[in-house]
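What follows is each chain in one-letter form.
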Amino acid sequence: MPIYEYRCPECGTVFSERRRMSEADGPVECPSCASQAPSRILSLFAAHSSGGGMIAGTGGGCSGCAATSCSTCKAN
Ligand SMILES: [Zn+2]
């Protein structure tokens, strides 16, 4: 059974609840103030972290030479 996160607009409590998918958007009771107002929020567990891009560290000035002083380097 998936776990959903809810936030109570009355007291600001954020809590998670294990519920059936068909009941995910149904009324849920706040564990802090017993309000029936909490609404579902997106779970942090569903967020994907994307891998950072790799930076090639060749040290060259440009793709045309191994130094940093050719005509292509100066154009950059
Ligand atoms: Zn509450």
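Our subject is the structure that appears above.
Rules behind the numbers
Residues numbered from 1 in each chain as written. Predicted model: local features only at pLDDT ≥ 70, side-chain atom pairs only at ≥ 80, totals over all residues. Heavy atoms only, no water. Helix = DSSP H or I, 4+ residues; strand = E, 2+ residues; numbered from the N terminus. Buried < 20%, exposed > 50% of the residue type's maximum accessible area, 1.4 Å probe, protein only. Contact = heavy atoms within 4.5 Å. Areas by Shrake-Rupley, 256 points an atom, 1.4 Å probe, with all protein chains shown as cover. Core = buried A, V, L, I, M, F, W, Y, C linked by side-chain atoms within 4.5 Å. Donors = N, O, S within 2.8 Å, 3.2 Å for Na, K, Ca; no water. Tetrahedral: all angles 85-135°; square planar, octahedral: opposite > 155°, others 65-115°. Salt bridge = Lys/Arg side-chain N within 4 Å of Asp/Glu carboxyl O. Pairing = 2+ DSSP bridges. Axes fitted to C-alpha atoms, helices over the stretch in contact; angles between N-to-C directions.

Topic: the overall build of the protein chain
Moving on, step 1. A count of helical and extended segments in the protein chain gives one helix and three strands.
Moving on, step 2. Start at the N end of the protein chain and walk to the C end: the helices and strands fall as β-β-β-α.
Moving on, step 3. Split into buried and exposed, the 76 residues of the protein chain put 18% on the buried side.
Moving on, step 4. Restricting the contact set of the protein chain to residue pairs at least 6 apart, pairs at least 24 apart contribute 25%.
Moving on, step 5. Accessible surface for the protein chain amounts to roughly 5900 Å². Of this, 53% is attributable to carbon and sulfur atoms.

Side note on the nonpolar core
Moving on, step 1. Core analysis: the biggest nonpolar cluster contains five residues, these being Tyr4, Tyr6, Phe15, Ala24 and Val28.
Moving on, step 2. If we skip the residues at most four places from it in the chain, Val28 touches Tyr6, Phe15, Glu17, Arg19, Ser35, Gln36, Ala37 and Pro38.

Description of the coordination of the zinc ion
Moving on, step 1. Protein coordination of the zinc ion is provided by Cys8 (SG), Cys11 (SG), Cys30 (SG) and Cys33 (SG), with donor distances spanning 2.3 Å.
Moving on, step 2. Angles of 105 to 116 degrees at the metal separate the four donor atoms of the zinc ion, which places the site in the tetrahedral class.
Moving on, step 3. The sequence pattern describing where the donors of the zinc ion fall on their chain is C-x2-C-x18-C-x2-C. On the criterion of sequence distance, the pair formed by Cys11 in the loop between strand E1 (3–7) and strand E2 (14–18) and Cys30 in the loop between E2 and strand E3 (39–41) is long-range, its members being 19 residues apart.
Moving on, step 4. Overall, Cys30 belongs to the buried group, its relative accessible area being 2%.

Section: the pattern of salt bridges
Moving on, step 1. According to the stated counting rule, one finds two salt bridges in the structure shown.
Moving on, step 2. Between Arg20 and Glu23 there is a salt bridge, with the nearest N and O atoms lying 3.7 Å from each other.

Details of the sheet that holds E2
Moving on, step 1. Pairing is antiparallel in the open sheet, where three strands are placed in the order E2-E1-E3. The outermost strands of the open sheet, each flanked by one partner alone, are E2 and E3. Across the sheet, the mean angle from the axis of one strand to that of its neighbour is 45 degrees, orientation sign disregarded.
Moving on, step 2. One ladder, built from three bridges, connects E1 with E3; its direction is antiparallel. Across the sheet, the residue bridging to Glu5 is Ile41, located in E3.

Observations regarding the pairing of E1
Moving on, step 1. Relative to E2, E1 runs antiparallel, the two being bridged by five bridges. What sits directly across from Tyr4, in E2, is Glu17.
Moving on, step 2. Linking E1 to E2, which pair antiparallel, is a turn of six residues; within it Gly12 sits at a positive phi near 80 degrees.

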